[in-house]
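Working through the structure, step by step
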Number of protein chains: 2
Amino acid sequence: MKFKNMADLPIGIFDSGVGGLTVLKEIHARLPAESTIYLGDTARVPYGIRSAETVIKYSLENSSFLVEKGIKLLIIACNTASAVSLDIIRNTFKIPVLGVIDPGAKAAALATKNSRVGVIGTEATIKSGAYGRTIRRINPGISVIERSCPLFVPLVEEGWLDDEVVELIVRRYLTQMKLSNIDTLVLGCTHYPLLKKVIKKVMGDDVVLIDSAIEKAKNVSNILTSSGLLKPLDTPISRKYYVTDAPERFQEIGKRFMLEALDDITKIEIASLEEKAVALKKACGCGGV
Amino acid sequence: MKFKNMADLPIGIFDSGVGGLTVLKEIHARLPAESTIYLGDTARVPYGIRSAETVIKYSLENSSFLVEKGIKLLIIACNTASAVSLDIIRNTFKIPVLGVIDPGAKAAALATKNSRVGVIGTEATIKSGAYGRTIRRINPGISVIERSCPLFVPLVEEGWLDDEVVELIVRRYLTQMKLSNIDTLVLGCTHYPLLKKVIKKVMGDDVVLIDSAIEKAKNVSNILTSSGLLKPLDTPISRKYYVTDAPERFQEIGKRFMLEALDDITKIEIASLEEKAVALKKACGCGGV
């Protein structure tokens, strides 16, 4: 398929694995005419337990792969990767690059009435302090309480979304958060929206849950509209998936996120990702990690 | 430090992360005079959710790194890596290479009285069927019931080892196993011995638990003794740790496994692992994956 102009190009999205599909699903719902390319780095998932240095390296490699495919906009769907590598990726590529932290932080700052916001995410996201910094930059008067919930991702990947085990675990992580009197809670990891029902039960109806996937998708829609990059409705749509390992597992767990079958999944080699990043670094003398 | 002969060389051990420390701990206990080099591939952990192809690639890279350091014996402490890559690693290197499947399988085959053995492990280990094959090769009359328990590793890494959440999760995974009337259960993942107390409670006192770490350490001791490779007691001991990412996290979680502080941890780059594996492949024309 040949694209005629920038607006026809697909949106590129990467995540450490399947989690970013929550963002993709919202994008498909809001922008059904757009083509998308999704890259899940399943050979190196999860990012949430890794050092910032390693997450930056992996994120640059993923971005290089997608940019080389030809995309009009790059979305870092992974909160961990957004938290530590957004700036460096923005400085490396010419196309617009969006993370998931900013829209989630903005939505939380707008939603809170008592100026007390909670943020939950992976170890790396919470350790980076990115949500807290961004929320306080928007409104320095907001208190931000952050907490990592390392078992949430494995629970979702196992498909345990709503039962007594999930509730016990959610209670253990969030009881202190509940007692700290927040009125807004950011689900700062793409897997967490799948546990929304139990999180809502534990936190109570008075606490607003901010789903970063939904906020992100709104953001993409606004940017494409304002920059005239919305794809014309009469051009063909393509939805491609790339993974670095185990496409069958991606397909199986991915269904839980997309609520539909994923077709057109291609496995690519990590080595080819690394080569692309090195070539890019040489070509532009940038992206130095 | 210069080693004078083969027996003075350290034992090399690799694992996808911290899990293999259960094996290392047993080796230190049984062979306190031996030097050891441990490599934890923390930039790409966990292996249990990856394809066999990817696990083989990572395992060959780890092995190349350790062999190049100078070791007399290589132990694949990771059950997943043992299950899928032992043969190819044995064919690639000249030193003795030991996995964790064989000793665990032998111990189980010896222990069972009713010829019904259970095996629990990661998704990749169970999918490989390596334990079942090995046990049935030893005694074709034994029925083997296998089951993956994907949440056990995250539980141990989170430090939740013995409470109501752990018990609920263990019950959910093992109730069917319990009902299938096994009298022996192989803990086919290096993390699982840390959950032994709860697993024992759920399975009951009549079921013998086989700890692959202990069986492995016995095996190493026997091999070094019979091949005259035991290190002389008067030579200096060194215990080194290498990780591919996040040494602080390794140190912190490692303490849970070793029950002592880990000193001398060095972070190495994944790229250098890959280069070593490529150089080795070129040099010997082997290890083709």
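Every value quoted in this text rests on a predicted model; they were computed, and no experiment measured them. Counting of residues starts from 1 at the beginning of each chain's written sequence and follows it residue by residue. Starting at A for chains and at 1 for ligands, labels are handed out in the order in which the entities are written. Local features in a predicted model are, by the rule used here, given only for residues with pLDDT of at least 70; side-chain atom pairs are given and counted only at 80 or more, and totals for whole chains, interfaces and linings are based on all residues. Computation of side-chain values: all heavy atoms of the structure, hydrogens and water removed.

Considering the domain arrangement of chain A
Residue and element names in this part refer to chain A. Heads up, the condition is: Start and end positions for the domains come from either an automated domain assignment or a database one. Two parts lose some accessible area (1.4 Å probe) when they are put together, and adding that loss for both gives the buried area. A pairing counts as a salt bridge when a side-chain nitrogen of Lys or Arg comes within 4 Å of a carboxyl oxygen of Asp or Glu. Throughout this entry, Asp, Glu, Lys and Arg are counted as charged residues, while Ala, Val, Leu, Ile, Met, Phe, Trp, Tyr, Cys and Pro are counted as nonpolar. The remaining residues, Gly among them, count as polar.
The domain boundaries assigned to chain A delineate domain 1 (6-99 + 215-284) and domain 2 (101-213). Computed from C-alpha atoms alone, the centre-to-centre distance between domain 1 and domain 2 is 23 Å. With both sides pooled, the region where domain 1 packs onto domain 2 buries about 1900 Å², and carbon together with sulfur makes up 58% of that total. Three residues, N79, E215 and R256, lead the burial of domain 1 against domain 2; their summed loss comes to 34% of the area buried on that side. At the junction of domain 1 with domain 2, the criterion picks out 1 salt bridge. Measuring nitrogen to oxygen at the nearest pair gives 3.4 Å for the salt bridge that ties E157 to R249. Taken together, the residues of the side of domain 1 that touches domain 2 break down into 10 nonpolar, 9 polar and 7 charged.

Notes on the packing of aromatic side chains
The condition that has to hold: Each Phe, Tyr or Trp ring, with Trp reduced to its six-membered ring, pairs with another whose centre is within 6.5 Å; inter-plane angles below 30 degrees give stacked pairs, above 60 give edge-to-face pairs, and intermediate values give tilted ones. Each helix is a run of H or I in the DSSP string that is no shorter than four residues. Each strand is a run of E no shorter than two, and both are numbered from the N terminus. Categorising residues by exposure relies on relative accessible area from a 1.4 Å probe, with only protein chains included: less than 20% of the type maximum marks a residue as buried, more than 50% marks it as exposed, and the intermediate range marks it as partly exposed. Placement of a charge over a ring requires the Lys NZ or Arg CZ to be within 6 Å of the ring centre, with the centre-to-atom vector within 35 degrees of the ring normal.
Using the criterion set out here, one finds 16 aromatic pairs over all chains in the structure. Between F152 of chain B and Y173 of chain B, the ring centres sit 5.3 Å apart and the planes meet at 90°, which makes this aromatic pair edge-to-face. Here F152 of chain B is found in helix 7 (residues 152-158), whereas its partner Y173 of chain B is found in helix 8 (residues 164-179), with 21 residues between them in sequence. Measuring from ring centre to ring centre gives 5.1 Å for F152 of chain B and Y192 of chain B, while their planes differ by 80°; the resulting arrangement is edge-to-face. Of the two residues, F152 of chain B is situated in helix 7 and Y192 of chain B in the loop between strand 7 (184-187) and helix 9 (196-203); the sequence distance between them amounts to 40 residues. Judged by its relative accessible area of 0%, F152 of chain B falls in the buried class. Here the aromatic cluster, defined as three or more aromatic residues joined through ring pairs, consists of F152, Y173 and Y192 of chain A together with W160 of chain B. Against the face of Y58 of chain B rests R44 of chain B, its NZ or CZ located 3.9 Å from the ring centre.

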